Structure formats: structure tokens, C-alpha cells
There are 6 protein chains.
Amino acid sequence: MRKAIYPGSFDPVTYGHIDIIERARRTFDHLIVSVAVNPHKTPLFTLAERMEMLQEVCCGMDNVTVDSFTGLLVRYAEQKDAQVIIRGLRAVSDFEYEFQMALMNRTIDPAIETVFMMTNSDYSFLSSSIVQEVARLGGPIQGLVTPTIERRLREKLNQ
Amino acid sequence: MRKAIYPGSFDPVTYGHIDIIERARRTFDHLIVSVAVNPHKTPLFTLAERMEMLQEVCCGMDNVTVDSFTGLLVRYAEQKDAQVIIRGLRAVSDFEYEFQMALMNRTIDPAIETVFMMTNSDYSFLSSSIVQEVARLGGPIQGLVTPTIERRLREKLNQ
Amino acid sequence: MRKAIYPGSFDPVTYGHIDIIERARRTFDHLIVSVAVNPHKTPLFTLAERMEMLQEVCCGMDNVTVDSFTGLLVRYAEQKDAQVIIRGLRAVSDFEYEFQMALMNRTIDPAIETVFMMTNSDYSFLSSSIVQEVARLGGPIQGLVTPTIERRLREKLNQ
Amino acid sequence: MRKAIYPGSFDPVTYGHIDIIERARRTFDHLIVSVAVNPHKTPLFTLAERMEMLQEVCCGMDNVTVDSFTGLLVRYAEQKDAQVIIRGLRAVSDFEYEFQMALMNRTIDPAIETVFMMTNSDYSFLSSSIVQEVARLGGPIQGLVTPTIERRLREKLNQ
Amino acid sequence: MRKAIYPGSFDPVTYGHIDIIERARRTFDHLIVSVAVNPHKTPLFTLAERMEMLQEVCCGMDNVTVDSFTGLLVRYAEQKDAQVIIRGLRAVSDFEYEFQMALMNRTIDPAIETVFMMTNSDYSFLSSSIVQEVARLGGPIQGLVTPTIERRLREKLNQ
Amino acid sequence: MRKAIYPGSFDPVTYGHIDIIERARRTFDHLIVSVAVNPHKTPLFTLAERMEMLQEVCCGMDNVTVDSFTGLLVRYAEQKDAQVIIRGLRAVSDFEYEFQMALMNRTIDPAIETVFMMTNSDYSFLSSSIVQEVARLGGPIQGLVTPTIERRLREKLNQ
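First things first, this report covers the structure right here in the doc. Model, not experiment: these values are computed from the prediction.

Once that is clear, we can look at the overall build of chain A. On a plain count of helices and strands, chain A comes out with 6 helices and 5 strands. In chain A, the succession of helices and strands from N to C terminus is β-α-β-α-β-α-β-α-β-α-α. The globule rule puts the C-alpha radius of gyration for 159 residues at 15 Å, and the 15 Å found for chain A is close to it. Along the three orthogonal principal directions, the C-alpha set of chain A runs to about 45 × 30 × 30 Å. The buried share among the 159 residues of chain A stands at 62%. Of the contacts made within chain A by residues no fewer than 6 positions apart, 77% connect residues no fewer than 24 positions apart. Surface exposure of chain A reaches about 6,400 Å², of which carbon and sulfur atoms provide 48%. Across chain A, the centroid of the 17 positively charged side chains sits 1 Å from that of the 20 negatively charged ones.

Quick look at the interface of chain A and chain B now. Listed by partner, the interface residues are 16 residues for chain A and 12 residues for chain B. Roughly 1,200 Å² is buried in total at the junction of chain A and chain B, and carbon and sulfur atoms are behind 74% of that figure. Here chain A and chain B share 0 salt bridges between them. Where chain A meets chain B, there are 1 residue pair in polar contact (both at pLDDT 80 or more). Across the side of chain A that touches chain B, the residue classes tally to 7 nonpolar, 5 polar and 4 charged.

With 25 residues of chain A in contact, the opposing surface of chain D contributes 25 residues. Between chain A and chain D the total buried area reaches about 2,300 Å² when both faces are included, carbon and sulfur atoms providing 59% of it. Interface area lost by chain A to chain D is led by A:Arg2, A:Phe99 and A:Met118, which between them contribute 28%. Along the contact surface separating chain A from chain D lie 6 salt bridges. Ionic pairing is found between D:Arg23 and A:Glu113, a salt bridge with its closest N-O pair at 3.2 Å. At the junction of chain A and chain D, the tally comes to 15 residue pairs in polar contact (both at pLDDT 80 or more). With 6 residues, the single largest contributor to the side of chain A that touches chain D is strand β5 (residues 113–118) of chain A. A class-by-class count of the residues in the side of chain A that touches chain D yields 13 nonpolar, 5 polar and 7 charged. Where β5(A) meets strand β5 (residues 113–118) of chain D, 3 bridges bridge the pair, whose relative direction is antiparallel.

Quick look at the relation of the copies chain A and chain B now. For the match of chain A to chain B, the screw axis carries a shift of 0.1 Å, the RMSD comes to 0.0 Å, and the turn is 120°. As the rotation angle and translation indicate, the two copies are arranged about a three-fold axis.

This brings us to the sheet that holds strand β1 (residues 3–8) of chain D. Two orientations exist for strands paired in a sheet by backbone hydrogen bonds: parallel and antiparallel. In spatial order, the strands read β3(A)-β2(A)-β1(A)-β4(A)-β5(A)-β5(D)-β4(D)-β1(D)-β2(D)-β3(D); together these 10 strands make up an open sheet with mixed pairing. Strands with a single pairing partner mark the edges of an open sheet, and in this sheet they are β3 (64–69) of chain A together with β3 (64–69) of chain D. Strand-to-strand twist in this sheet, taken as the mean axis angle between neighbours without regard to direction, amounts to 35°. The pairing of β1(D) with strand β4 (residues 84–89) of chain D spans 2 bridges and is classified as parallel. Across the sheet, D:Ile5 pairs through a bridge with D:Ile85, a residue of β4(D). Each of β1 (3–8), β2 (30–36), β3, β4 (84–89) and β5 of chain A together with β4 and β5 of chain D touches helix α1 (residues 15–27) of chain A; the most contacted strand, β5(A), lies at about 120° to it. Along the sheet face, helix α2 (residues 47–58) of chain A touches β2 and β3 of chain A and points at about 170° away from the line of β3(A).

Another point: the relation of the copies chain A and chain D. Both copies of the chain are related by a screw-like operation: a rotation about an axis and a shift along it. Here chain A sits on chain D after a turn of 180° about the axis and a move of 0.0 Å along it, with an RMSD of 0.0 Å. The two molecules are tied by a two-fold rotation axis, judged by turn and shift. The position closest to the rotation axis in chain A is occupied by the C-alpha of A:Phe116, lying 2.4 Å away. Comparing interface residues between copies, 100% of those in chain A also lie at the interface in chain D; the contact surface is shared.

Our focus in this paragraph is the environment of C:Asp122. By the secondary structure assignment, C:Asp122 is in the loop between β5 (113–118) and α5 (128–136). Residue contacts for C:Asp122: discarding those within four places in its chain leaves A:Ser121 and A:Asp122.

In this section: the pairing of β5(D). When a strand is regular, its side chains alternate between the sheet's two faces. Residues and elements named next belong to chain D. Counting buried residues in β5 gives 6 out of 6 residues, a clear majority hidden from the surface. Taking every second residue as pointing to the same face, both faces of β5 are buried, with Glu-113, Val-115 and Met-117 on one and Thr-114, Phe-116 and Met-118 on the other. Summarising the sheet, β4 and β5 pair through 6 bridges and their orientation is parallel. Bridge pairing in β5 links Ile-85 to Thr-114.

This paragraph deals with the pattern of salt bridges. Side chains that differ in sign of charge can pair as their charged atoms come close. Evaluation of the coordinates by the stated rule reveals 90 salt bridges over all chains. Put simply, C:Glu98 and C:Arg87 hold a salt bridge, and the shortest N to O gap is 2.6 Å. You can see C:Glu98 sitting in helix α4 (residues 95–108) and its partner C:Arg87 sitting in strand β4 (residues 84–89), a full 11 residues away along the chain. For C:Glu150, the salt bridge goes to C:Arg154, with nearest N and O atoms at 3.6 Å. Taken together, the positions of C:Glu150 and C:Arg154, both in helix α6 (residues 147–158) and 4 residues apart, correspond to about one turn of that helix. With relative accessibility at 18%, the residue C:Glu150 sits in the buried group. In this structure, a network of salt bridges that share partners links the residues A:Asp19, A:Arg23, A:Arg26, D:Arg106 and D:Glu113.

Here is what the cut-offs are and how they apply
Residues numbered from 1 in each chain as written. Chains lettered and ligands numbered in written order. Predicted model: local features only at pLDDT ≥ 70, side-chain atom pairs only at ≥ 80, totals over all residues. Heavy atoms only, no water. Helix = DSSP H or I, 4+ residues; strand = E, 2+ residues; numbered from the N terminus. Rg over C-alpha atoms; globule rule 2.2 N^0.38 Å. Buried < 20%, exposed > 50% of the residue type's maximum accessible area, 1.4 Å probe, protein only. Contact = heavy atoms within 4.5 Å. Areas by Shrake-Rupley, 256 points an atom, 1.4 Å probe, with all protein chains shown as cover. Lys, Arg positive; Asp, Glu negative; His and termini not counted. Charge placed at Lys NZ, Arg CZ, Asp CG, Glu CD. Buried area = accessible area lost by both parts, 1.4 Å probe. Salt bridge = Lys/Arg side-chain N within 4 Å of Asp/Glu carboxyl O. Polar contact = N/O pair within 3.5 Å; in protein donor to acceptor, adjacent residues only side chain to side chain. Nonpolar A, V, L, I, M, F, W, Y, C, P; charged D, E, K, R; others polar. Pairing = 2+ DSSP bridges. Least-squares fit on C-alpha atoms with pLDDT ≥ 70 in both. Axes fitted to C-alpha atoms, helices over the stretch in contact; angles between N-to-C directions.

So, to be careful, I would describe these as geometric facts and stop short of saying anything about function.
Set out below in C-alpha cells:
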């Protein structure tokens, strides 16, 4: 069985992430969408909230599990018996950083393969931080995140 | 009448910005050079100072107005009846970020067009933050900003 | 009056080109879409055919003229009293070549400004040569060119 | 069963290709390494020779098949019931072209996913045409291709 | 005599840095490896520690001196009678920033030449901050830094 | 003695090349500017003409020799006892190809170091082929090549 991990901050999950989740779960037997906990960053949403939003979004996708991890991604992949790490590439994106991480991860465990998939070009500009920024400035985000996440984001920013 | 907006932090305005202002005001009927107020960043110069410096620099350019805005750039463009957003591209510059913002702005209002103009290659390395850094370290900045702005920058850093 | 030139091979014109034509004619008062005649290349369609296809596509766009030119683009712009050259940028595209040409053109006549506009991200992969290649291999091209041009392309390749 | 296609010219197959073949066959259940026949190009080796060399190289890899195709890659993938196209990315490589092809292929059949895998950084400079060029100039190629292919290449160039 | 400066944060020095030091000292008569003191950043290791680690690493390299500097790099090069600044380029790296700094430095003193050398592709992913991050997460770093520096890094992070 | 080779087609030599020659001869003790003879390309100028033009341009530069070579650049460098290969980088240029060649050359002889120097940003758009193209179309090339070479180019194109 081919098991893959799609790691990220998902703060919050966007249609760009959902697009990659759909592609990855069609390409591999099982997909773990996993929230990376980074003690050095202050996310907008708590870990619990981010996992809840992912669970809503992945609801009904039978070969997808939502999880979280701390520490080294590669060690986490080993524990989960996953052979593959999924990264989304946008035509407009940070290849250099992605490549640097993929090569670093390969030195830690050569058996874990990083695989890049291309986001739908409609979402080539989309990132969680752009969604946060537009929402903060009162702009429209309905084409960027699901209605539920839009509502949650508005509530969060009104606190 | 073709009205364009050239947004930026202008902290402070450099010869690279002035080059784009000259090009844009020749290309469009009216140009609004507008200081973006970002509540999450701490600029070196206050908003009032940055607008004052721009006004000095644009003094005598009859089709140029200096202004400032908060919130979404696209909403601001709509209010000003501007059809065009100007962005300067340096041969050495951050395309990815520029493209991401342009595509995001297009989803908010498809009627507002982002147009890229190339900076003179003499200024292809120039940015406000590099000017600040060189000035802080006591380096020469006379070819990078106007004499008035050089004086202001020295005063500001001596405070 | 702001007059702009959109030069290209248009061999054949694609939806990506049409997208830029629409954007440019909204941004400037008059637009000349002009077929560049390159004696060193052998196009698939003749000059007359390429101009005819552009005329069909631009039919009803009152501020657009279709033309052709040989020789230096900048000299042609001067003759036409155009101040602006339009180039389409795709998120996936050849910046380096575009920048090289724009800088070269600037040294020939600094009064002619090159302005870059972003293609709709749906067409970020699209080029005339990719359309030709897919058509040659019998692939579907209905989302890439207009129905009339699709028919012409099929006829041309069957000759 | 997850079936993937790794298309290419393989003129000749290099250690960089072999690296991707190894990674892809670990990541998917079945891998078809398929020589793309391009009637517009004149390869150094014939189709038969290129397939023979691939067969030697893939000998003993039980989940790998060597094949060839003409026409549209996506149509070929459909015929082979493959869901995935593999492309190797080198840190030093042509992303733009790769992305353009991947997006084009997606418009032809959205069910076929293109997946990018990173070549070992030891081979980040390696391509068949560089191998041909070095061999032609009498340079050492033992770290670039297998001994058998090195011998074949020398023979071919001496003809 | 050709004297070159290789500036950096070296927080800590990695095998990637050592690779460039070896290349640069073979290419120029004398090499000064110099720790840049940046009052706006908080390094993991103190200046004294970073110089000590460099001295260990460069021990026995007769044409290499370890030093540190504050202020403008170009002014420092002038004081040291160095004609050349060395920068390492990784296939995976930030060209834009490197180019911007090189062009800026050239405007300050055109007599000081910036020269780029390529890191061994084995280290194309390597940076001090990635080493810090992996060490913090308890990952293996033995192929990334020397055993002594590995020990120092573990001690530092356990404090 | 530090000896460097600056290889190229020089068809014809431009101010961009001259800029790199000046930088390289200041940085190394001896510089060999060497015309690469490529049997697969048809240059505009003959080898003799290209060497003659280089000799005119380098006349009076006491530490510069003009030469030519066929075959592997690295083998040629070994024969000439040169430790360094110089490549010019333009902010607008083909890094990928340059890196690929540099890495390939390193595998052939690790003792030969490729060193990159930045062209003056005034020439960041300049290449021999652009000069040829502009001259062919009757455009101005006086800022791109020396007056002698301009005359030779006009003569050559009138033949």
C-alpha cells in the first residue's frame, strides 16, 4: 500500500490545499494530511482549530486521515510507514525553498521520497497568508476558502 | 482619461522609484503615487514624512498626485477611478511575489489591471531597505536617493 | 491619445493572445496588434492568413487595428506614433528573453516604453507552438483557440 | 494498482534517468519507461537501440516495463491505464518548460496527474545531450552512463 | 598578490562553507574568512565561538586567515587591501539577493570585484539555518558539519 | 601565477565581453581570451576575424592573450596551465545552462574552478546575437560594440 503525507501549516486550509489533497488521494492509496506544529511561529488558528477545519474539508474522503506532528517530518513519515511526502508546487512559488527542504529530507532518510504535484493554475497565487491578509483588510475571500472556513476566519479576526 | 496608481512603502523614495514615476506619468494621463500604510510594519519614516518626500520629488510633475491609503489596494483603486496599478520590475527582483499579488488583486476586481514597467538597469539593485542599510553602515548613498532625501535619512538615523 | 502596439508572430492567435488584446485595449486608447515578419523563420501560416485570423478575432473591437511590420519594432512604433509596446507575461514564461528585448529596445529609443501585462492564469501554459504541436498530434485544442482558428489549423495541417 | 509512465528521449539513458527510474519504481506499483518518438527530431540512437539500452538498464527491475510511443503522451497514458506521468526535476533544470507541458497535459485529460521527482544532486547537471557533447569531444563519461552505454556511445560516434 | 575575502555569518560553519573556502584558497593567493557582525540579528553562537570554529576548520590552511568585521563589507575589503569578495552560489540559492548585494557593493567601490564560486552539488541544500533547524529537531547532522561543530551545536542547544 | 581563461564565441565581441575582460584581468595575473570553435555552429565571422577583433580590443592589455580552442574546454585549460574558467553572468541571463556546464566541467577535472563575474548592469541585455539581430534590421549599435567592430559588422552584413 502506497501511503503519502501532505504536511503543512494549513492556517487556514485553502482551495489550493484542497486541490492538492484531491490530486494526492487519487494518486496514492492512503493520504495523511498533517498539521506541522512549529513552536517558533504563532499561527492565527490553534492546532485544534486547524485540524478541525481539515477534518471538515476532508470529510467523506475515505482514504484521507488528518493528523499533526512535531519534530522532524522525515522521522514522522517513518513512524507512519509512509514512503512519500507530497508538496504542492504553484507556477508562482518558492522552488528554491522547496528543493532545499526536499534535498535535506533526503539526506536524513533516502527511503522517503518527496513528490511534487502542481496546483490548479486558478490557485497559483493562493496561500494561507494571502488569505489572512485579504480577510484582514476586509476583502472578498469566497473563491479562496470554503464557506465554513470563510465564516471561521471572519470570526477569528473579529475577536 | 487613463488614471494609474503607483503604490509602495517609499521608506524612503529612491531614484529607482523616481524612474518608474517618470515612466508611468509619460504612459498614463494621470498618476497617483500612493503610500501604502501597513499597520503590521514599522517604517523608518512616518507616513507624513514619506508623503512629504514624495511631494518634493514629484514637485513640478503636473499629472502626478501624492496620496496614501490603508486597506485593500484594489478597493482604493476603485474609489480613485483608476484602471491601472503600476509595479516596477527590476531585472533583479521578486517576480514571484509580484505575480502572486497581481493575480490576487485580479480576483478581487478583474477590471483593475496590473501593469509592469522595467526600472532603468542602473537601479536594478536598488530598494529602500538597501538604502537604509547602506546609510546605517555609513556608506555613500548619493547616487541612490536625491540630496534632500539623503540629508533627511542621515538626520533620521542620527536621532 | 495613448497608442500601444502588441507585436507577435500570432501563428496562430490563441486565447492567451486574445486575453492580452482585451486587457490592452481597455488600458490604452488605441491598440495596434501587429504581426512581426521574421525573414529567418518559416511560419505555419502565411502573413496574409495570420492577419486575417487576427482581423476575425478583433472584429468589433473599435479601438483595435491589425497590422504587420518588418525590421526594428522600435522604429515601427515611432512611425505609428505609439508610445507603448505591450508584452504578455505568463506566470510560466521566458522573463529573461522578454527583459533582454525590452532593455535592448529601450537603448534604441528611450521614449518607447515596454509595458508587461499578465495573461489570465488559465492560459499560463499556452503558446502558438504548443497549439501547433497538440494539433499535429491530433489532440484537442478547442479550449486553446477559437472554433474558426481550430478549423483553419486542422485544414492547414491536413495539406 | 498505481501505474506510472516515465517518458523521455533516452538518447542515451543516463545515470540521472536511472536514478529517477529507481525512485519512481519504489513509489508506484508499476512503471512504464517509454521512449517518445518525435518525428521532427533526429536522435543519435535509433528507437530500437534506445529501447535495448533501457532494457539492459532496467533488467531485473520486476515492476518496470520498457515501451515506446508516438503521438500525445496523455492519450498514450490513457491507453496504458496509467494515472501518473513522472518527470525528473533537477535543481538545475527547465521548470518553465516542464510546467508548461504539465499544464497542457492537464487540459487534455485532467485524470492523468503529472508528478515531479527530484534527481540525485550528483546528477543535477546531467542530460543526454551533455553526455553526447562530452563524448564527441573525447571527454570522460564513465560517471555519467553505465559502462555498456559508454561503449555503445563510443562505437556510435566512431561510425 | 591576489587577496580575497569570504564574508558570512558562519552560525555555524558548514561543509558547504568549507567547500567554498577550499576552492577560494586554491584560486587566490590569500583568503580572509570573515565573520560579519550584524547588530540587528541574534546569532545562535557568539562572535568568539564562530571565529573559534572557523579557526579549527581552517587550521593548517596556510593562506587562510580568520577575521571579523562590522560595517560596510566594501570598506572592510579596502582596509584589508583585498580586491575580491567571494560568494558561494548553490544551484538552489538566492541569486536575486546575491546579485543585488554585488551590484550595490560595486556602486560603493568599483575596484572591489565580487566573484561567485559554485558549491559542491552535495551541499546544494545546505545552510547554517537548516543545520540549526535539523539539530533543534534532533535530526542527524553528521554529513553537514564537522564532528567538532556537531558536538558544539548539540551542547549549545542543550543549554 | 593565477592564470584564467575566458572562453566564448565572440561573434562579435561586445562591450559586455570587454567589461568582463577588464574585470578578469584585474582579478587574475594572466587572462587568456579564447574563441571556442564549435564545428556544429555556423558563426557570422570566421575564426580568424573573431580573433582579429579580440586582438584589436585587447591591444595594450599586457596580461591578456587571445587564443582559440577546439574540443573540451577543461582539457584546453589543463594544457594552458590555467586554474580558472571565467564566465560572465548578466542579471538577465541563463544561469541554468551556465551551472550545468560548470558542474559538468567540474566532473571532468575538479582542479579547474569556474568563477562567475557580474557584467556591468548597463550591458545586462547584451549578447552577440542581439547585436547581430539589431544590425541586420538596420538599428543603432554604437553603444553595444566598438566603432571598429561596428564598421566590420556593417561590412559583413552588406556582403
